[in-house]
Amino acid sequence: MPSMTDTQPNTPSLPDSSGTSWPPVAVPGQPSGAAAPPTEEDPDDTASPTPLSEGVQILDDLRAQLKRYVAMPSEEAVTAVALWVAATHLQRAWQHAPRLAIVAPEKRCGKSRLLDVVTETVHNRLITVNASAAAIFRSIDGDDPPTLLVDEADTMFSTTKAAEKNEEVRGLINAGHQRGRPTLRVSGPEHQVQEFPTFAMAALAGIGDLPDTIMDRAVVIRMRRRAAGEKVASFRTGRDTPALNAIRDRLRAWLQPLYELAMEMEPPMPVEDRAADTWEPLIIVADLAGGGWPALARTACRTMTDYEAGQDEEGGLRTRLLTGIRRAFAAVGDPAVLSTKHLLESLNADREAPWAEYGANGLTPRGLQLLLKPYGIGSANRRFPEGTQAKGFARNQFLDTWARYCPEPKATDAPASSGDRPAPSTAA
């Protein structure tokens, strides 16, 4: 599982280990062997490379432009951005509109430059820095959605006050991920209810992670500051945008005639659930292009999704709590019940956990109840083997939740035994 201190903060460049071989020529949604039937070889022909398809050439050129101007964090990230840009030109075909979250730990990491390149190559760009939700949804055409581009997105959500002010924008961005989720407003002199479409692909750039609900619907690009040996070309709008606009026009000419085909495709996916919804348009574009792109796309999908799942497991507050509770039970031999008092002692003893921020003495019984409430788990009066009674939790309350949200780690990943300090009693 990647750690927060990885030197490669996005994803490492990994080979495709799925065991599936994808065709050198586009056969949408099918592995090798499903391509056109072999023909008799002409003995007089000499071996010559297969000409690249139009889609491969365009995507390769877009990759080259991305790497020319931006120090990307990984090859998978370059693949993902190129496919996301291409997918904006077929928005009418998609059931889900993936977000592109371009985030960085601090300034001068290239996020705005990447957004510059994206802006000049996407379909029907709609650029904003700090727009209201009303202005955004009134700018979305349901028949031909624009591509929403938001720079400095962190200013909208970085503080509690800002997040509350922009809660409607966050809701709009979340709703627009799926087709058929309009917002309703009363408008006109007769105060009639009117539907406004929200479906549109969106790229958001900012410092620090965006709200979890947005990140969960996004292809996440984790930018980093350039190292001393990493060189990129300077970007000048007047000089450099014509070449990027030419790629945009080539993408449109290639993809728009494929609208009906793209709409019908259901490609095999290396991920499931919302991650599959988010990545499917990118995978379809790769399959339409053919060549090496189907394999590149699936490798990027799998490795980047796995990394973000790791980020959530390590940083998600409730997931960390569930893992800590499992360790607390395991430390005393997995008893049937554990008192709230000793469960809190075990949780608060972890000096690297965030529970110290919950008060002078760390996590409290009330705080524990609030964090567990979404899972339907609460404390109750329990009887312990030694005959005492106290507030506590039954281990079987957590079994289904552990299996769903933090599956048991492999034996090699299990925490070391804490033999240096006595295990707490299971009773109060």
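Quick caveat, the model's predicted, so the values are computed rather than measured. (Residues numbered from 1 in each chain as written. Predicted model: local features only at pLDDT ≥ 70, side-chain atom pairs only at ≥ 80, totals over all residues. Heavy atoms only, no water.)

Comments concerning the overall build of the chain
For the record, the criterion: The way it works is that DSSP assigns letters per residue, a run of H or I at least four long becomes a helix, a run of E at least two long becomes a strand, and they are numbered from the N terminus. Between buried and exposed lies partly exposed: a residue is buried under 20% and exposed over 50% of the maximum accessible area for its type, with that area taken using a 1.4 Å probe on protein chains only. Here, two residues are considered to be in contact whenever any of their heavy atoms come within 4.5 Å of each other. Method for areas: the Shrake-Rupley scheme with a 1.4 Å probe, in which residue coverage is limited to the protein chains shown.
Secondary structure summary: the chain contains 16 helices and 10 strands in total. A burial count over the chain gives 45% of its 428 residues as buried. Partitioning the intrachain contacts of the chain with sequence separation of at least 6 by distance along the chain shows that 73% fall at a separation of at least 24. Surface accessibility of the chain: about 22,200 Å² in total, with carbon and sulfur atoms responsible for 50%.

Quick notes on the nonpolar core
Heads up, the condition is: In these notes, a set of buried Ala, Val, Leu, Ile, Met, Phe, Trp, Tyr and Cys residues joined through side-chain atoms within 4.5 Å is what counts as a nonpolar core.
W94, L114, I221 and L251 are the most contacted members of the largest nonpolar core, which totals 63 residues. Residue contacts for L114: discarding those within four places in its chain leaves L66, V70, M72, V81, I102, I221 and M223. Counting residues in hydrophobic clusters, the runner-up holds 24 residues, among them A133, V169, I173 and L210.

What to know about empty space enclosed by the protein
Cut-off, in case you're wondering: The method works on a 1 Å grid over the protein atoms by themselves. A cavity is a set of points holding a 1.4 Å probe that cannot get out, a pocket is an open set with protein on both sides within 12 Å along at least five of seven lines, and residues with an atom within 4 Å of a point line them. Grid points are joined across faces, edges and corners, and a volume is the space filled by probe spheres set on the points. Residue polarity follows a fixed list, in which Ala, Val, Leu, Ile, Met, Phe, Trp, Tyr, Cys and Pro are nonpolar, Asp, Glu, Lys and Arg are charged, and the others, Gly among them, are polar.
Per the counting criterion, the structure on display carries 1 cavity of 30 Å³ or more. In this structure, the largest cavity occupies an estimated 60 Å³ of space. In this structure, the largest cavity is lined by R99, I136, I140, L148, L172, I173, T198, A200, M201 and A202. A class-by-class count of the residues in the lining of the largest cavity yields 8 nonpolar, 1 polar and 1 charged.

Observations regarding the sheet that holds strand β8 (residues 337-339)
Applied cut-off: Two strands make a pair as long as DSSP finds a minimum of two bridges between them. An axis is simply a line fitted to the C-alpha atoms; with a helix, the fit covers only the stretch in contact. Between two such axes, the angle follows the N-to-C directions and lies from 0 to 180 degrees.
One open sheet accounts for 3 strands, arranged β8-β10-β9; its pairing is antiparallel. Both outer strands of the open sheet, β8 and β9 (380-383), are each paired with one neighbouring strand and no more. Between one strand axis and the next, the sheet turns by 65° as a mean value, whatever way the strands run.

Some words on helix α7 (residues 167-175)
Among all positions in α7, only V169, R170, L172, I173 and N174 are buried. Summarising the contacts, the buried residues of α7 are in contact with β1 (99-104), α4 (133-137), α5 (154-157), β6 (202-207) and α8 (212-215).

Topic: the packing of aromatic side chains
Our working definition: Classification of ring pairs rests on two measures: the distance between centres of Phe, Tyr or Trp rings, Trp counted by its six-membered ring, which must be within 6.5 Å, and the angle between planes, read as stacked under 30 degrees, edge-to-face over 60 and tilted in between. Over a ring means this: the NZ of a Lys or the CZ of an Arg is within 6 Å of the ring centre and within 35 degrees of the ring normal.
The full count for this structure, using the stated rule, is 6 aromatic pairs. A connected cluster of aromatic rings, assembled from ring pairs, spans F329, F393, F398 and W402. Over the face of the ring belonging to Y259 we find R92, whose NZ or CZ atom lies 4.1 Å from the ring centre.

Overview of the pattern of salt bridges
Rules: Salt bridge, as used here: a side-chain nitrogen of Lys or Arg that lies within 4 Å of a carboxyl oxygen of Asp or Glu.
Here the structure, examined in full by the defined rule, presents 16 salt bridges. A salt bridge links E167 to R170; its shortest N-O distance comes to 2.2 Å. In this pair, E167 and R170 are both assigned in helix α7, 3 residues apart and thus about one turn of the helix distant. For E167, a relative accessible area of 38% translates into the label partly exposed. According to the relative accessible area criterion, R170 is buried, its value standing at 19%. Put simply, R63, K67 and E75 are held in one network by salt bridges that share partners.

Considerations on the confidence of the model for the chain
Parts of the model with low pLDDT should not have their predicted coordinates read in detail. Our working rule: The score called pLDDT rates the predictor's confidence residue by residue, from a low of 0 to a high of 100.
This prediction gives the chain a mean pLDDT of 83; 82% of its residues lie at or above 70. Element-level pLDDT for the chain is lowest in α4, with a mean of 78, against a maximum mean of 98 in helix α2 (residues 75-87). Note that residues 1-43 has pLDDT below 50 and, in this model, 81 contacts with residues that lie over four places away or in other chains.

Describing the sheet that holds strand β7 (residues 218-222)
Strand order in the open sheet formed by 5 strands is β2-β3-β6-β1-β7, and the pairing between neighbours is parallel. The sheet is open, and its two borders are formed by β2 (125-128) and β7, each paired with just one other strand. The average undirected angle you get between the axes of adjacent strands in this sheet is 15°. Along the sheet, α2 makes contact with β1, β3 (147-150), β6 and β7, crossing β7 at roughly 135°.

Let's talk about unusual backbone geometry
Most peptide bonds are trans, and most residues other than glycine sit at a negative phi. Backbone geometry at R108 places phi at a positive 65°, although glycine is not the residue there. Tracing the backbone through its elements, the reader meets R108 in the loop between β1 and α3 (111-119). Positive phi, normally seen in glycine, also occurs at N124, with a value near 45°. Within the element layout of this structure, N124 appears in the loop between α3 and β2.

Notes on the pairing of strand β5 (residues 192-196)
Alignment of strand β4 (residues 183-187) against β5, held across 5 bridges, turns out to be antiparallel. Of the residues in β5, the one forming a bridge with T183 is F196. Hairpin geometry of β4 and β5 is characterised by an intervening segment of 4 residues between the two adjacent antiparallel strands and by a positive phi of about 85° at G188.

A look at the environment of C406
Secondary-structure assignment places C406 in the segment after α16 (399-405). Apart from residues no more than four positions distant in its own chain, C406 is found in contact with T319, L322, T323, R326 and T401.

Digging into the environment of E266
Structurally, E266 can be placed in the loop between α10 (259-264) and α11 (273-289). A residue is classified by how much of its surface remains accessible, and E266, at 73% relative accessible area, is exposed. Taking the C-alpha atoms as reference points, E266 and P281, 15 residues apart in sequence, are found 9.8 Å from one another.

Considerations on the pairing of β6
Most of β6 is tucked away: 5 of the 6 residues are buried. As judged from the 6 bridges shared by β1 and β6, these two strands associate in the parallel manner. Looking at the pairing, V103 lines up with G206 of β6. When β3 meets β6, the two strands line up parallel, connected through 3 bridges. Among the inter-strand pairings, L149 is bridged to a residue of β6, identified as A203.

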